[in-house]
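# Structure at a glance
The chain contents come next:
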Amino acid sequence: MIKKRKCLLAIIMGILVFHLTGCGHVQSAESLIKEAKNKYGACKVVSKKESENKTEVVLHDKLQDFDYTIYSVMNDINIDGSSFGSVPHSSDTFEQELWKKVISNIRNQLDDICNKADMRYSVDDSTQSITIFAPSEKSGKEVALKCAVLLQTQNQNNRLDGRLVVVVSDESTDQYSNNRYGSIKLPDLKWRTKEDEDIDEYTQMAREITDPKAEFVRMEKGKFSDTGADLDRVTSVLGQDYPQDMNSPVRFFYFKDSKGKEFYVCDFYYYDEDHYEYQLYTNYEN
């Protein structure tokens, strides 16, 4: 409850500061254009609309020749049924429109690569990734590399860094299948096995909850009883597997922090003592 009160207090204080500084209105078109240029690079204005509650600017990206929209609107703040006014919020469609442009540029070549290999593929706009459905890891890996090289040709100014070409079994329906072979992540044109993907994922999460400079050391397999954690504080997140008894399998991802001290992060989520917040279980101490 202390954490919740602190959170509410921080929000209310932020709102008070917001109103005291007199910024309770949408951004101007000029402000949004400046923001877009700083974030995405050179552009020209296609159109702009301004009203009391909304500013909308359509811009044309000069580097890769597509239009996108940037908005500023007022969002209401409601906490536990009480209204605390509204605050301005900006958003844009740059990433979505860039992805559409890139795929339209390479669609024919993607078709050719996959047709020659007698494989199907899909483009996921929500995750901005390409999925190859392959009969084996080896054959899928070869096609994925060709697709990734093609995608990388569109990666101007590293705008596509982090995008994936995923390979799954041809019996799968999407990239989230358990029959996932691996992936290639831009800008690195190298194959990542499922284990490599997990290491990358847990390294990122470990840096978020422990030391931002933590470096991966190794991964070991063990049992829940090896952690010394309380089973009743384990929680399930997004349908992931989680320990249900003391003999349940657990993976230990070991890292070194910026001071050289070793610690581990496990592959299950764990509540705090109040059962209010949770995060990946770790033995890390500041």
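Our structure is the block above this text.
Keep in mind it's a predicted model, so treat the numbers as computed, not measured.

Of the strand pairs in this sheet, strand S1 (residues 43–50) and strand S2 (residues 54–61) are connected by seven bridges, and their pairing is antiparallel. Along S2, the bridge assignment pairs Lys-49 with Glu-56.

Bringing the pattern of salt bridges into the picture now. By the definition in use, this model includes 16 salt bridges. In this structure, Lys-48 engages Glu-30 in a salt bridge whose closest nitrogen and oxygen atoms are separated by 3.6 Å. In this pair, Lys-48 sits in strand S1 while Glu-30 sits in helix H2 (residues 29–40), placing the two residues 18 residues apart along the sequence. Given the relative accessible area of 47%, Glu-30 is considered partly exposed. Here Glu-215 and Arg-207 are joined by a salt bridge, their closest N and O atoms 3.4 Å apart. The class of Glu-215 is partly exposed, set by a relative accessible area of 46%. Each member of the salt-bridge network shares a partner with another, and the members are Arg-180, Arg-192, Glu-197 and Asp-200.

The next subject is unusual backbone geometry. Generally, phi is negative for residues other than glycine and the peptide bonds are trans, each holding for most cases. The peptide bond linking Leu-186 to Pro-187 adopts the cis configuration, its omega dihedral lying at 5°. Relative to the helices and strands, Pro-187 is located in the loop between strand S8 (180–185) and strand S9 (191–193). Although it is not a glycine, Gln-128 sits at a positive phi angle of roughly 50°. On the secondary structure map, Gln-128 appears in the loop between strand S5 (120–124) and strand S6 (129–134). When its relative accessible area of 9% is taken as the criterion, Gln-128 is described as buried. For Asn-157, which is not glycine, the phi dihedral falls at a positive 55°.

Time to look at helix H3 (residues 94–116). Here H3 is 23 residues long and its end C-alpha atoms lie 33 Å apart, about the 33 Å a rise of 1.5 Å per residue gives. Along H3, the largest kink reaches about 55° and is centred on Ile-106. For H3, the complete set of buried residues consists of Phe-94, Leu-98, Trp-99, Val-102, Ile-103, Ile-106, Leu-110, Ile-113 and Cys-114. Of the residues trailing H3, Asp-118 is marked for its positive phi of about 55°.

Criteria and cut-off values
- Residues numbered from 1 in each chain as written.
- Predicted model: local features only at pLDDT ≥ 70, side-chain atom pairs only at ≥ 80, totals over all residues.
- Heavy atoms only, no water.
- Pairing = 2+ DSSP bridges.
- Helix = DSSP H or I, 4+ residues; strand = E, 2+ residues; numbered from the N terminus.
- Salt bridge = Lys/Arg side-chain N within 4 Å of Asp/Glu carboxyl O.
- Buried < 20%, exposed > 50% of the residue type's maximum accessible area, 1.4 Å probe, protein only.
- Expected span 1.5 Å × (residues − 1).
- Bend = angle between axes of the 7 residues up to and from the residue.

By themselves these figures say nothing about function.
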